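Per-entry structural report
Below, each chain spelled out in residue letters.
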Amino acid sequence: MRFPDERLSLTNPYSRQLRCDGRGRTSDDASDEAACPGPLIVVSNRQPYRHEYDDADAEDDTERSVTVDEPTGGLTAGLDPVCKRTDGTWIAWGDGSADFDVTDDRNCVSVPPDSEGYTLHRLDLSEAAVDSYYRGFSNRVLWPICHGFSDLLEDRPTDFEWYRTVNERFASAVADHATDDSVVWIQDYHFALAPRLVRDSIPPSATVAQFWHIPWPAPETFRDCPAGVDVLEGVLGNDLLGFHVDRYVENFLECVQRYVPNATVDRDQRLVRYEGEPTTVVATPMGVDAASFDRRARAADRRNPSALLTDAVSEETVVGLGVDRLDYTKGIPERLAALERFFERNPDWCGEFTFVQKATPSRTEIPTYERYGEFVRNEVERINGRFESGDWKPIVYTEEYVEPDDLCALYRQADVMIVSPIIDGMNLVAQEYLAASVDCDGALLLSDRTGAYERLGSHALGIDPTDTDAFARRIAESLSMPRHERRRRMNTLRHRVFENDIGSWMDSQFDWIQSIHEGSSSEAIDQDPDTDPDSPEYTPRV
Ligand code: ADQ
């Protein structure tokens, strides 16, 4: 490991990310330190707290009690204390049954309940708005385009106009709260138009930033995006735009160069100037709350595995695991095909190895997703029918909700984790598995098409999810890998996940925001696109 001063200039915001303890820190510690230079205004589709009526059958509202869902981890939990500390505001779609019965006449409520908190401003969106903005342009256009699935794009007539309307409503809510030194931090692809609208309606001294959690495609793919130029011009309203990895930054800059002729693109500085305003574009790979997964996994008793395993798998069975939303980007059919090939080629493993697939139905109102789920379920049934014998099944499939503690127990229990997306912006599941692998005896099979592969690929078992034969061989290899080799790989992988946890990621975000907020021009920020500066052991992708 080299020392920080060999690698980083003092002006580089990444310099704060370096750790010496090798264990990272808890999200609580991290959020205590994350330095937001002004009152934070977070904009996201999902809200951090949801108010729900408990008893839908009660006769009138006075008889019904209200429960509040709270953030349990990850980014939302990490941002919560920053909002509190900066007297901030969170603006999101209010989708809970009691949400608007607890807000004031501006649709605002103080959260967390019963404590000194911050303002949650809820937007009341009609069913038509949600259908077009969320299930329409966001998830039928931008999601498939950004993941390179142009053939799945559905451009319905009014979706983009609704998307614009909803973005305008969010931007107007931001303007209601913004002050001279506000920091507006917009999350994800649901808000491609909002940054420009916000930029034009709040004081110039306030900062507008956005993190784009999914990939950005190459220009040849982006060309198919309806209203693509509006999307680019909207995003260029940001002072700072973050992606997970360099590849997406490069793709974005190329798209701007190609489709926004009035913009000036400096590829070396990763700086775009459009209508006189600069946008700095950065790659900051997101991490997980590693300490919390580690803690929960340690609390899970090794002799009492999660109920899912107790019911379906005998104690001696070797366990493989997949945990995904049912989304066509996640490569679940490809994984099933590789498992089928593996059992064909390795009949000795029948009865000895079981693959547990935890899948969560997602965006089920969209027919493509419904068909995908149906296909996955049928494939599981077909493969099980082909190989099962006695009590043993090759695949245990469940869509049931798994509590966070049980998920950690499952991660800990799994001898092999398979993460095989066709494409994935980052992939947090792979990192969660590593953080929860406290016994250091598991192996990770990881698609080389995930953002996470850039940091973890050198010590995970890399797979091309579409190459069924090679994928099946990788499964066999992982099951026969000597224990010392599994430990060696796992130690390094865990180290990387702890070093680059969610707290470290938030620090890097706020360091970038601060440098831009303070007007220190991005020219002074030395971005080195060929290395991941926060990971001393990082091996460049091949
Ligand atoms: P997602 O596409 O949802 O996120 P991912 O990052 O793997 O993908 O998972 C998000 C979270 O959902 C994880 O914390 C995981 O534990 C949870 N989860 C997923 N399936 C689950 C299941 N079956 N049961 C319980 N929990 C489950 C998007 C992008 C990713 C990017 C993230 C963050 O698509 O590429 O990593 O945002 O930026």
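Structure first, text after, so check above.
Not measured: the values here are computed from a predicted model.

Attention now goes to the site of the ligand. Residues in contact with the ligand amount to 20 residues; listed here are only the nearest, His 213, Thr 360, Asp 424, Met 426 and Glu 432. Here an oxygen atom of the ligand sits 2.6 Å away from a polar atom, N or O, in the side chain of His 213. In the environment of the ligand, an oxygen atom lies 2.8 Å from a nitrogen or oxygen atom belonging to the backbone of Met 426. Across the complex, the protein chains shield 80% of the 710 Å² of accessible surface that the ligand would expose by itself. Secondary structure elements with two or more residues in the shell around the ligand: β13 (318-325), β14 (353-360), α14 (404-413) and α15 (428-436).

All right, on to helix α19 (residues 502-517) then. For α19, with 16 residues, the first-to-last C-alpha span of 22 Å sits near the 22 Å given by 1.5 Å per residue. Of all 16 residues that make up α19, 16 are buried, and the element is covered over most of its length. After α19 finishes, the residue Gly 519 shows a positive phi value of roughly 80°.

Turning our attention to the sheet that holds strand β5 (residues 108-111). Overall, mixed pairing links the ten strands, which are arranged β5-β6-β4-β1-β7-β8-β9-β12-β11-β10 in an open sheet. One side of each edge strand has no neighbouring strand; the edge strands of this open sheet are β5 and β10 (264-266). Recorded for the sheet is a direction-independent mean angle of 20° between the axes of neighbouring strands. Strand direction decides the pairing type here: β10 and strand β11 (residues 271-274), joined by three bridges, are antiparallel. Counterpart to Asp 266 in the pairing with β11 is Leu 271.

Further remarks concern the packing of helix α10 (residues 290-299) against α15. The interhelical angle for the contact between α10 and α15, taken along N-to-C directions, is 50°, at an axis separation of 7 Å. Classed by the angle they form, the pair α10 and α15 counts as oblique. Taken as a pair, α10 and α15 cross one another with a handedness that is right-handed. Two secondary-structure elements touch here, α10 through Ala 290, Phe 293, Asp 294 and Ala 297 and α15 through Glu 432, Ala 435 and Ala 436. A breakdown of the residues in the contact of α10 with α15 according to their chemical character gives five nonpolar, no polar and two charged.

Glancing now at the pairing of strand β16 (residues 416-419). Here β16 shows two buried faces, one formed by Val 416 and Ile 418 and the other by Met 417 and Val 419. Of the strand pairs in this sheet, β13 and β16 are connected by two bridges, and their pairing is parallel. Looking across to β16, one finds that Gly 320 is bridged to Val 416. In this sheet, strand β17 (residues 443-447) lies alongside β16 in parallel orientation, the contact comprising four bridges. Across the sheet, the residue bridging to Val 416 is Ala 443, located in β17. Handedness of the crossover joining β16 and β17 through α15 is recorded here as right-handed.

Rules used in this analysis
- Residues numbered from 1 in each chain as written.
- Predicted model: local features only at pLDDT ≥ 70, side-chain atom pairs only at ≥ 80, totals over all residues.
- Heavy atoms only, no water.
- Near = heavy atom within 4 Å.
- Polar contact = N/O pair within 3.5 Å; in protein donor to acceptor, adjacent residues only side chain to side chain.
- Areas by Shrake-Rupley, 256 points an atom, 1.4 Å probe, with all protein chains shown as cover.
- Helix = DSSP H or I, 4+ residues; strand = E, 2+ residues; numbered from the N terminus.
- Expected span 1.5 Å × (residues − 1).
- Buried < 20%, exposed > 50% of the residue type's maximum accessible area, 1.4 Å probe, protein only.
- Pairing = 2+ DSSP bridges.
- Axes fitted to C-alpha atoms, helices over the stretch in contact; angles between N-to-C directions.
- Parallel < 35°, antiparallel > 145°, perpendicular 65-115°, else oblique.
- Left-handed = near helix turned anticlockwise from the far one by under 90°.
- Contact = heavy atoms within 4.5 Å.
- Nonpolar A, V, L, I, M, F, W, Y, C, P; charged D, E, K, R; others polar.
- Right-handed = clockwise from strand over helix to strand, strands pointing away.

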